[in-house]
Amino acid sequence: MTRLYDISWEDYQRLSLEEKAPYLMQDEGAPYHTLYAQQFDGPLLGRLALLANEIRAIGKTRVGTEFLRSQVSHKRAMLYFTQPSSRTFLSFKSACQILGVPTGEVRDTSISSEFKGESRDDSVRTFSSYFDMIIMRTPEKGLAEKSAWVLSHSERPIPIINAGSGPDQHPTQALLDIYTLLRSFEKHGGLRNRTVVFCGDLLRGRTVRSLSYLLTNYPGIRMIFVAPDELQILPDVLEMLKRKNIEFACSNNLRAVIPEADAVYMTRIQDEWDKSKGESAKIDTSRFKFGAEELALLSPRAIIMHPLPRRDEISTVVDNDPRAMYWRQMRNGMWIRTALIAMTFGCENRIHDYFRFNF
Ligand code: ASP
């Protein structure tokens, strides 16, 4: 096995994401660090989804809940979230609670030693003295990766989970999105030969970047990227799709493509990344919203997704339609993150055994 402690930072940086992936895995193909979507292939996604399904079934009874709570009670996790978060933070915290993992948190660097000038590298080394895993969200691209490398070269190498790294990636959101798609289509032929329409701010929406990569693991997937020209998906994603022979199209007409969609993935305008104040407000986004008229064009079997939070890009009239999947998507996040933590800490087989004997 290649491991992160075997390679210098400079050599590691020269690798493509696909080449980096093996350095982040542990025996039996489970992730050790979770940093990018590129670490997950179809079989691993299937393993995670199965584990999440078993965990949610086990968690329905009191004895099952107690079994789950005893699984990782000897480990502690640090939630290091220096960028706003509701769902990712709460679902990771709930996932830790489900597995009995006590948590600590820093959400505001103005009340930690970073305010006194401590470097990020020193901060993560400090956390690793007290915790056995760091789940981190940062506005900085690449920080989770650097932290994983730093810890791998310290005497306390502990796993890092990237809970959102700037506008770059959000791999665990993509895991919950895939889990939602798998569950939605499991009784109707599965997640193959599907058309996924992404709409909104595709330039700065990290969830779209991670999910478009994960979708390439499923045969016959087609992606349509719908955005105003100023907010269209970056060329690196399109080049990756070309390399993998995945069919895709770019469009600025949502209504025209809705009838083809099996899933419409809406996103908000990410104006926190504006270079000058009010920059995004100048873009006409009025045709990149999903309301009653768009709903009427959607196939009865298709689903509507959103990583949330939403602003006005999905009208509340859509909320109670059975195809609106965003509330369930959010709950799926808790279960798939529980599965990821359980797998990272080596509990997968114990959970399978419990499930097999009790269900
Ligand atoms: N919650 C998602 C994220 O953290 C999507 C968003 O913020 O728009 O990237």
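Residues numbered from 1 in each chain as written. Predicted model: local features only at pLDDT ≥ 70, side-chain atom pairs only at ≥ 80, totals over all residues. Heavy atoms only, no water.

Quick word on the overall build of the protein chain
Tallying secondary structure elements over the protein chain gives 14 helices and nine strands in all. The C-alpha radius of gyration of the protein chain comes to 20 Å, within 12% of the 21 Å expected for a compact globule of 359 residues. Principal-axis analysis of the C-alpha atoms gives the protein chain an extent of 55 × 55 × 40 Å. When burial is assessed residue by residue, the protein chain has 57% of its 359 residues classed as buried. At a minimum sequence separation of 6, the contacts of the protein chain that also span at least 24 residues come to 74%. Both charge centroids of the protein chain, one from 47 positive and one from 44 negative side chains, sit 5 Å from each other. (Helix = DSSP H or I, 4+ residues; strand = E, 2+ residues; numbered from the N terminus. Rg over C-alpha atoms; globule rule 2.2 N^0.38 Å. Buried < 20%, exposed > 50% of the residue type's maximum accessible area, 1.4 Å probe, protein only. Contact = heavy atoms within 4.5 Å. Lys, Arg positive; Asp, Glu negative; His and termini not counted. Charge placed at Lys NZ, Arg CZ, Asp CG, Glu CD.)

With respect to the site of the ligand
Around the ligand, the neighbouring residues are Arg137, His170, Arg206, Thr207, Arg268, Gln270, Pro307, Leu308 and Pro309. In this structure, an oxygen atom belonging to the ligand sits 2.7 Å away from a side-chain N or O atom of arginine 268. Note that an oxygen atom of the ligand is positioned 2.9 Å from one of the side-chain N or O atoms of glutamine 270. Compared with its free state, where it exposes 260 Å², the ligand has 91% of that area covered by protein. Residues that form the shell around the ligand fall into these classes: three nonpolar, three polar and three charged. (Near = heavy atom within 4 Å. Polar contact = N/O pair within 3.5 Å; in protein donor to acceptor, adjacent residues only side chain to side chain. Areas by Shrake-Rupley, 256 points an atom, 1.4 Å probe, with all protein chains shown as cover. Nonpolar A, V, L, I, M, F, W, Y, C, P; charged D, E, K, R; others polar.)

Some points on the nonpolar core
Formed by 73 residues in total, the largest nonpolar core has its most connected members in Ile55, Ile135, Phe198, Leu215, Phe225, Ile341 and Ile351. Leave out the neighbours within four places in its chain, and isoleucine 135 touches Ala77, Met78, Leu79, Tyr80, Phe81, Phe92, Cys96, Ile161, Ala163 and Ile341. Residues Tyr36, Met78, Tyr80 and Val106 belong to the second largest nonpolar core, which totals 24 residues. (Core = buried A, V, L, I, M, F, W, Y, C linked by side-chain atoms within 4.5 Å.)

Brief notes about helix H3 (residues 42-58)
The first and last C-alpha atoms of H3 sit 24 Å apart over 17 residues, in line with the 24 Å expected at 1.5 Å per residue. With 12 of 17 residues buried, H3 lies mostly within the body of the structure. Where H3 is concerned, the buried positions are Gly42, Leu44, Leu45, Leu48, Ala49, Leu51, Ala52, Glu54, Ile55, Arg56, Ala57 and Ile58. Taken together, the buried residues of H3 touch helix H4 (62-69), helix H5 (87-98), helix H8 (171-185), helix H9 (206-215), helix H13 (326-344) and helix H14 (348-358). (Expected span 1.5 Å × (residues − 1).)

A few points about the sheet that holds strand S6 (residues 222-226)
Here five strands make up an open sheet; going across it, the order is S7-S6-S5-S8-S9 and the pairing parallel. Every other strand in the sheet has two partners, leaving strand S7 (247-251) and strand S9 (303-305) as the edge strands with one partner each. Strand-to-strand twist of the sheet, defined as the mean angle between neighbouring strand axes without regard to direction, takes the value 15 degrees. Inspection of the sheet shows strand S8 (residues 263-266) paired to S9 by three bridges, in the parallel sense. Following the sheet pairing, tyrosine 265 is matched in S9 by methionine 305. The strands that H8 touches are S8 and S9; relative to S9, the one it contacts most, it runs at about 170 degrees. (Pairing = 2+ DSSP bridges. Axes fitted to C-alpha atoms, helices over the stretch in contact; angles between N-to-C directions.)

Description of the packing of aromatic side chains
Applying the stated criterion across every chain yields a total of 10 aromatic pairs. The interplanar angle of 55 degrees and the centroid separation of 5.9 Å between the aromatic rings of tryptophan 9 and tryptophan 149 together place this pair among those described as tilted. With tryptophan 9 in helix H1 (residues 9-13) and tryptophan 149 in helix H7 (residues 143-152), the pair connects residues that are 140 residues apart, well separated along the chain. Taking the centre distance of 4.9 Å and the plane angle of 15 degrees together, the rings of phenylalanine 355 and phenylalanine 359 count as stacked. Under the relative-accessibility criterion, phenylalanine 359 is labelled exposed at 51%. Each member of the aromatic cluster is reached from another via a ring pair, and the members are Trp9, Tyr12, Tyr23 and Trp149. In this structure, lysine 20 is placed above the aromatic ring of tyrosine 12, and the distance from its NZ or CZ to the ring centre is 5.0 Å. Looking at arginine 194, its charged tip hangs above the ring of phenylalanine 185, at a distance of 4.1 Å from the centre. (Phe/Tyr/Trp six-rings, centres within 6.5 Å; stacked < 30°, edge-to-face > 60°. Lys NZ or Arg CZ within 6 Å of the ring centre and 35° of its normal.)

A closer look at the packing of H8 against H9
Axis separation between H8 and H9 bottoms out at 8 Å; the angle between their running directions is 50 degrees. Taken together, the axis directions place H8 and H9 in an arrangement best described as oblique. Between H8 and H9 lies a crossing whose hand is right-handed. For the pair H8 and H9, the contacting residues are Pro171, Gln173, Ala174, Leu175, Asp177, Ile178 and Leu181 in the first and Thr207, Ser210, Leu211, Leu214 and Leu215 in the second. The residue inventory of the contact of H8 with H9, partitioned by class, reads eight nonpolar, three polar and one charged. (Parallel < 35°, antiparallel > 145°, perpendicular 65-115°, else oblique. Left-handed = near helix turned anticlockwise from the far one by under 90°.)

A look at the sheet that holds strand S1 (residues 77-81)
The strand order S2-S1-S3-S4 describes an open sheet built from four strands, whose pairing is parallel. Two strands bound the open sheet, and with one partner strand each, they are strand S2 (103-106) and strand S4 (160-165). Between one strand and the next, the sheet's axes are offset by a mean angle of 15 degrees, whatever the strand orientation. Pairing geometry for S1 and strand S3 (residues 133-138), over five bridges, is parallel. Looking across to S3, one finds that leucine 79 is bridged to isoleucine 135. Strands in contact with H5 are S1, S2, S3 and S4; relative to S1, the strand with the most contacts, it is inclined by about 180 degrees.

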